[in-house]
Amino acid sequence: MAEKSKEIIKELNSQLLKKDFKRIYLFYGQEIFLIDEYTRRFSYAIVGGNLNNIVRFDGETANYNDIINEMFSISFDLEPRVLIFKNFFKYASTNSSLNLSAIIDNLKNFKSDSTYIIFKEYEAKENKLFSALKQIAFSAELVQPSMPDLVKWVQNVMSKEGKAISENMAQEIILHYNKDMMLIYNYLQVFISYLGKRSKVTHDDILKTLTDNPQDHIFQMLDAFATKDLESGYKYLRELYQLKTSVSKILALILRHFKILGMLKEMQETNKKQIAKQLGILEFFVDKYKKQAENFTLDKIKSIIQKTIEYEYMIKKGQIDDETALEMLLYQIVK
């Protein structure tokens, strides 16, 4: 985790400990699990566990008048209270009833002593309105932690339930789920139940319980597209959607995948263990990546990496919608 991100997490934890809450929060970034986790922790702490004092609005269906009424209404029975605004920026252009710019304008002079507001944005795009909110809110960009931080987190989750897991086994789980904290956490909850009263984790336990993850489908999808098997390729894409994998996540996984293929093409190393270590993958997958890399020239791989970065930038700037970007990228891979 970058130093800036560590400082943000440290500050958030300090606010929770001291109950020193800000009036407006903005949680955004690539790590949805952390966005949800800190939204939950802050909202629960502010209302003292009284969940009736939490009001949620979804940007896809929220109505400006309802939001303003909640922001400025006075109800002593419900104080203090929290208003959670989910994905308002994502749907600002498609939900005509939202009027996000007017909401931001109202927040500039928002001085309620009892109402707190939390914006949670899964797919934030930098623009003037977003910058305006960042000026008046405590803004926390929550990014994916580093491998050492993820290992400590997995070990802490297990330790709280009286389970001990080695660093290597924690890494195997993390890599299997491509460092996705939500998938890892959900797996750990099932895994803890599977272990029952046992405190020690074995490698057999891991092998028996690991399930499908989006990276597996990305691999199969790209294998199919590389050989011009469009029917199979789109089947795996549909399965990714069924796993509730967002388009932005799919693009990120494709980018990571081709970066690995590119590094593999340029490597002189022959030791499989060292290759796996340098690429950040399990040793078992080295041969699979090598075989798939044969379907692409190095120039083609570099071109796809560049196109993916360009499309991600265009999405962030609102110049193209994510689904169109994905279709265009898949066309580049197939042609």
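Being a predicted model, the structure only gives us computed values, none of them experimental.

*Asks:* What exactly am I supposed to notice about the packing of helix H12 (residues 247–266) against helix H14 (residues 286–293) here?
*Replies:* Two quantities define a packed helix pair, namely the angle between the helix axes and the distance between the axes. Packing of H12 against H14 brings their axes to within 10 Å, and their N-to-C directions diverge by 85°. With respect to each other, H12 and H14 are oriented roughly perpendicular. Counted together, Arg256, His257, Ile260, Leu261, Leu264 and Lys265 of H12 and Val286, Tyr289, Lys290, Gln292 and Ala293 of H14 form the full contact between these two elements. Its residues assigned to classes, the contact of H12 with H14 shows six nonpolar, two polar and three charged.

*Asks:* Would you mind going over the sheet that holds strand S5 (residues 138–141) with me for this structure?
*Replies:* To summarise the sheet geometry, strands pair through backbone hydrogen bonds and adopt either a parallel or an antiparallel arrangement. Sheet architecture is open: five strands sit in the order S2-S3-S4-S1-S5, paired in parallel fashion. One side of each edge strand has no neighbouring strand; the edge strands of this open sheet are strand S2 (54–58) and S5. Averaged over all pairs of adjacent strands, the angle between strand axes in this sheet comes to 15°, irrespective of strand direction. Across six bridges, strand S3 (residues 81–86) lies against strand S4 (residues 115–121) in parallel orientation. Directly across from Lys86, in S4, lies its bridge partner Lys120. Where helix H4 (residues 100–107) meets the sheet, it contacts strand S1 (24–28), S3 and S4, and its direction lies at approximately 140° from that of S4.

*Asks:* For this particular structure, what's the right way to read the environment of Asp322?
*Replies:* By secondary structure assignment, the location of Asp322 is in helix H16 (residues 322–334). Along the sequence, Asp322 and Phe89 sit 233 residues apart, while their C-alpha atoms lie 14 Å from each other. Those residues in contact with Asp322 that sit more than four places away from it in its chain are Glu123, Val247 and Ile315.

*Asks:* Mind showing me how you'd approach the pattern of salt bridges here?
*Replies:* Side-chain pairs of opposite charge can arise whenever the charged atoms involved come near each other. Inspection of the entire model under this criterion finds 11 salt bridges. Note that Arg81 is salt-bridged to Glu70, the shortest N-O span being 2.8 Å. Highlighted residues: Arg81 in strand S3 and Glu70 in helix H3 (residues 64–72), separated in sequence by 11 residues. The class of Arg81 is buried, set by a relative accessible area of 3%. Residue Glu70 is classed as partly exposed on the basis of its relative accessible area, which comes to 24%.

*Asks:* Before we go on, may I ask you to explain the confidence of the model for the chain in this structure?
*Replies:* Detailed reading of the predicted coordinates is not advisable wherever pLDDT is low. In this model, the chain carries an average pLDDT of 88, and 96% of its residues clear a pLDDT of 70 or more. At the low end of the mean pLDDT range in the chain sits helix H10 (residues 214–226), at 82; at the high end sits S1, at 96.

*Asks:* I tried to follow H4 on my own but got confused; where do I start?
*Replies:* Because an α-helix completes one turn every 3.6 residues, residues spaced three or four positions apart along the sequence face the same direction. Burial in H4 covers these residues: Leu100, Ala102, Ile103, Ile104 and Leu107. Looking at the buried residues of H4, the elements they touch are S1, H3, S3, S4 and helix H5 (128–136).

*Asks:* Would you mind going over the packing of aromatic side chains with me for this structure?
*Replies:* Each aromatic ring pair is summarised here by two numbers: the centre-to-centre distance and the angle between the ring planes. Counted according to the given criterion, the structure contains 24 aromatic pairs. On the numbers, 6.1 Å between centres and 70° between planes, the contact of Phe21 with Phe42 is edge-to-face. In this pair, Phe21 is assigned in the loop between helix H1 (3–18) and S1 and Phe42 in helix H2 (residues 32–47), connecting sequence segments 21 residues apart. Under the relative-accessibility criterion, Phe42 is labelled buried at 0%. Arranged with centres 5.9 Å apart and planes meeting at 70°, the rings of Phe57 and Phe85 form a pair that is edge-to-face. One end of the pair, Phe57, is in strand S2; the other, Phe85, is in strand S3, and 28 residues separate them in sequence. On the basis of relative accessible area, Phe57 is assigned to the buried category, the value being 13%. Given the relative accessible area of 0%, Phe85 is considered buried. By way of ring pairs, the aromatic residues Phe21, Tyr25, Phe27, Tyr38, Phe42, Tyr116 and Phe138 are connected into one cluster. Stacked on the ring of Tyr116, the Lys or Arg Arg23 has its end atom at 4.2 Å from the ring centre. Across from the ring centre of Tyr44, 5.8 Å away, lies the NZ or CZ of Arg40, which sits over that ring.

*Asks:* Help me understand the nonpolar core in this model?
*Replies:* Note that soluble globular proteins tend to have their nonpolar side chains buried in a common cluster. With 45 residues, the main nonpolar core has Phe27 and Leu142 as its most contacted residues. The set of elements that each furnish at least two residues to this core consists of H1, S1, H2, S3, S4, helix H6 (147–160), helix H7 (167–176) and helix H8 (181–195). If we skip the residues at most four places from it in the chain, Leu142 touches Ile8, Ile9, Leu12, Phe27, Tyr28, Gly29, Gln30, Glu31, Leu34, Ile35 and Tyr38. Ranked by size, the runner-up nonpolar core spans 40 residues in total, among them Phe258, Ile260, Ile320 and Leu330.

*Asks:* Quick question: what am I supposed to make of the packing of H3 against H4 here?
*Replies:* In the contact formed by H3 and H4, the axes pass within 10 Å of each other and the chain directions differ by 15°. Taken together, the axis directions place H3 and H4 in an arrangement best described as roughly parallel. The handedness of the crossing between H3 and H4 is right-handed. Together, Tyr64, Ile67, Ile68, Met71 and Phe72 of H3 and Ala102, Ile103, Asn106 and Leu107 of H4 make up the contact between the two elements. Looking at the contact of H3 with H4, its residues break down into eight nonpolar, one polar and no charged.

Scoring rules and cut-offs
- Residues numbered from 1 in each chain as written.
- Predicted model: local features only at pLDDT ≥ 70, side-chain atom pairs only at ≥ 80, totals over all residues.
- Heavy atoms only, no water.
- Axes fitted to C-alpha atoms, helices over the stretch in contact; angles between N-to-C directions.
- Helix = DSSP H or I, 4+ residues; strand = E, 2+ residues; numbered from the N terminus.
- Parallel < 35°, antiparallel > 145°, perpendicular 65-115°, else oblique.
- Contact = heavy atoms within 4.5 Å.
- Nonpolar A, V, L, I, M, F, W, Y, C, P; charged D, E, K, R; others polar.
- Pairing = 2+ DSSP bridges.
- Salt bridge = Lys/Arg side-chain N within 4 Å of Asp/Glu carboxyl O.
- Buried < 20%, exposed > 50% of the residue type's maximum accessible area, 1.4 Å probe, protein only.
- pLDDT = per-residue confidence, 0-100.
- Phe/Tyr/Trp six-rings, centres within 6.5 Å; stacked < 30°, edge-to-face > 60°.
- Lys NZ or Arg CZ within 6 Å of the ring centre and 35° of its normal.
- Core = buried A, V, L, I, M, F, W, Y, C linked by side-chain atoms within 4.5 Å.
- Left-handed = near helix turned anticlockwise from the far one by under 90°.

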